[in-house]
Amino acid sequence: RNMPLSRTTDSVTMSSSSIIKVVDCSDHNETEELDLLVPPRKAGKLERIEWFRRKLPEMEILKSTSKSKRFHSRVLELYNSSCSAQFFMVWLSPANSFGPREMLAVDTLFTTNPGACLAILSNSLDSPRGYTILKPLLDRGFNLIAVTLDIPFLVKNTPAEAWLKRLKSGHMDPGSIPLFMNLSDLTRLAVLYKYGGVYLDTDIIFLGDITRLRNAIGAQSIDPKTKIWTRLNNAVMVFDTYHPLMREFLQEYSTTFDGNIWGHNSPYLVSRVIKRVGNKPGFNFTIFAPDAFYPVNWIKIPKLFKKPATTTEAKWVDKTVQDMSKGSYMVHLWNKVTRKIKIEEGSVMYNLISSHCTVCRNITNSHTL
């Protein structure tokens, strides 16, 4: 049922997309907007539905506004800039929480993928404050924009259009998981489907050029005996416009949505669909082995942040840096585990970042804002 793993690169020119969503607002307003997407703690299903129905009129993110209606034209304008590849990230948190760790992700992306274009879908970053935050990268000439998201436009004429209609009816359980997390999962699928390109999480350090990859997704884990993947991840996805697999993902999201189970609409979703699709004709894509996008799992990742204390550890750091630089396109940092961990000077992460970035600010303090 599972697809074979690949470590090869498709040398094909790709059509990709990058998007940013940002909004003009104060810290107070940004916090209020985020709070609208976080259900009351310990609320039951009926309580959540009632809460969501009351809050629905205030949720700008679910509407097409005069600002969000510029989404399509701004994305096309970016992609007409002779990009070597088009990337996008999604940032649905307040602008002031886009910190040094996220800046390193963008910095290493452009350093290792010259000529790339990046759109960050973010209402909060598409603002004067967002411009100030991103200015160190813009000043380097990186082809980057933050753009306010238009979810109704993105899901129009896709299987997810019916899901959004049900959600906005006020009769659907949004789930106990903050809605912005599930909207992020939906957005990455819809943007890839409509524009094609590369979707990337913001907790990634890039180590190599991925502009030649096409129609690819990565395995997070494999069976040590059979070498067949056991779980995929949606933190990195590369697909052509209107790829049939992306449509299957959107259909799965719409028909099996569950806002109460972490990962159900994201890593578990892509794993479910690809197990079902298997080797069916017409679904042409590659599954990369974990060392391509996820060379270190979330349990072992903290070790990469620590400086060596002995000669043996120093040799291990050198070998790990060398192996990853040669065998991986990027390192996923699993921010839920590492966000507050300091990157110590001399560690694996410090060495990888130092040799793959341009601006290189706040490497050791990237765990703080």
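Worth saying up front: this structure is predicted, and the values here are computed from it rather than measured.

## Let's talk about the state of the cysteines
Turning to step 1, where the next piece is worked out: In the structure shown here, the tally under the stated rule is two disulfides.
Turning to step 2, where the next piece is worked out: What pairs with Cys83 in a disulfide is Cys117, and their sulfur atoms sit 1.7 Å apart. Between Cys83 and Cys117, the disulfide has an S-S torsion of -85° and is therefore left-handed. In this pair, Cys83 is assigned in the loop between helix 3 (71-79) and strand 2 (85-90) and Cys117 in strand 3 (residues 116-121), connecting sequence segments 34 residues apart. In this pair, the class of Cys83 matches that of Cys117, namely buried.
Turning to step 3, where the next piece is worked out: Here Cys357 connects covalently by a disulfide to Cys360, the sulfurs 1.6 Å from one another. One quick way to see it: the torsion about the S-S bond of Cys357 and Cys360 is about 105°, and its sign makes the bridge right-handed.
Turning to step 4, where the next piece is worked out: Of the residues examined, Cys360 reaches a relative accessible area of 26% and is grouped as partly exposed.

## Brief notes about the nonpolar core
Turning to step 1, where the next piece is worked out: If you look at the biggest cluster of nonpolar residues, it comprises 61 residues, and the most contacted ones within it are Leu62, Trp163, Leu183, Ile217, Leu245, Phe249 and Ile274.
Turning to step 2, where the next piece is worked out: When residues in this core are grouped by element, the largest group, ten residues, is from helix 8 (residues 179-195).
Turning to step 3, where the next piece is worked out: Those residues within four positions of Phe249 in sequence are excluded, and the remaining contacts are Leu189, Ile217, Met237, Leu269, Val270, Val273 and Ile274.
Turning to step 4, where the next piece is worked out: Grouped together as the second largest cluster of nonpolar side chains are 59 residues, Ile133, Leu144, Met324 and Met349 included.

## Digging into the UniProt feature "domain: Alpha 1,4-glycosyltransferase" (unreviewed entry) in the protein
Turning to step 1, where the next piece is worked out: Within this numbering scheme, the UniProt entry marks residues 239-362 as carrying the feature "domain: Alpha 1,4-glycosyltransferase" (unreviewed entry).
Turning to step 2, where the next piece is worked out: Helix makes up 45% of residues 239-362 and strand makes up 6%, while its end C-alpha atoms are separated by 33 Å.

## Here's the deal with the packing of aromatic side chains
Turning to step 1, where the next piece is worked out: Taken as a whole and judged by the stated rule, the model has 15 aromatic pairs.
Turning to step 2, where the next piece is worked out: Centre to centre, the rings of Trp91 and Phe98 are 5.1 Å apart; their planes meet at 85°, and the pair counts as edge-to-face.
Turning to step 3, where the next piece is worked out: An aromatic cluster is present here, built from Phe288, Phe293, Tyr294, Tyr329 and Trp334 joined pairwise through their rings.
Turning to step 4, where the next piece is worked out: A cation over an aromatic ring shows up here: Lys194 above the ring of Phe153, its NZ or CZ 4.8 Å from the ring centre.
Turning to step 5, where the next piece is worked out: The aromatic ring of Trp316 is capped on one face by Lys303, whose charged end is 4.2 Å from the ring centroid.

## Structural notes on the pairing of strand 8 (residues 229-239)
Side-chain direction in a regular strand flips from residue to residue, so the side chains alternate between the two faces of the sheet.
Turning to step 1, where the next piece is worked out: Within strand 8, nine of the eleven residues are buried, which leaves the element mostly enclosed by the surrounding structure.
Turning to step 2, where the next piece is worked out: Where strand 5 (residues 197-200) meets strand 8, four bridges bridge the pair, whose relative direction is antiparallel. Across the sheet, Tyr199 pairs through a bridge with Met237, a residue of strand 8.
Turning to step 3, where the next piece is worked out: The pairing of strand 7 (residues 216-222) with strand 8 spans six bridges and is antiparallel. Its bridge partner lying in strand 8, Ser221 is registered against Arg231.
Turning to step 4, where the next piece is worked out: The loop that links strand 7 with its antiparallel partner strand 8 comprises six residues; one of these, Lys227, has a positive phi angle of about 65°.

Quick notes on the rules
Residues numbered from 1 in each chain as written. Predicted model: local features only at pLDDT ≥ 70, side-chain atom pairs only at ≥ 80, totals over all residues. Heavy atoms only, no water. Disulfide = S-S within 2.5 Å. Helix = DSSP H or I, 4+ residues; strand = E, 2+ residues; numbered from the N terminus. Buried < 20%, exposed > 50% of the residue type's maximum accessible area, 1.4 Å probe, protein only. Core = buried A, V, L, I, M, F, W, Y, C linked by side-chain atoms within 4.5 Å. Contact = heavy atoms within 4.5 Å. UniProt positions renumbered as here; feature names shortened; annotations may be inferred. Phe/Tyr/Trp six-rings, centres within 6.5 Å; stacked < 30°, edge-to-face > 60°. Lys NZ or Arg CZ within 6 Å of the ring centre and 35° of its normal. Pairing = 2+ DSSP bridges.

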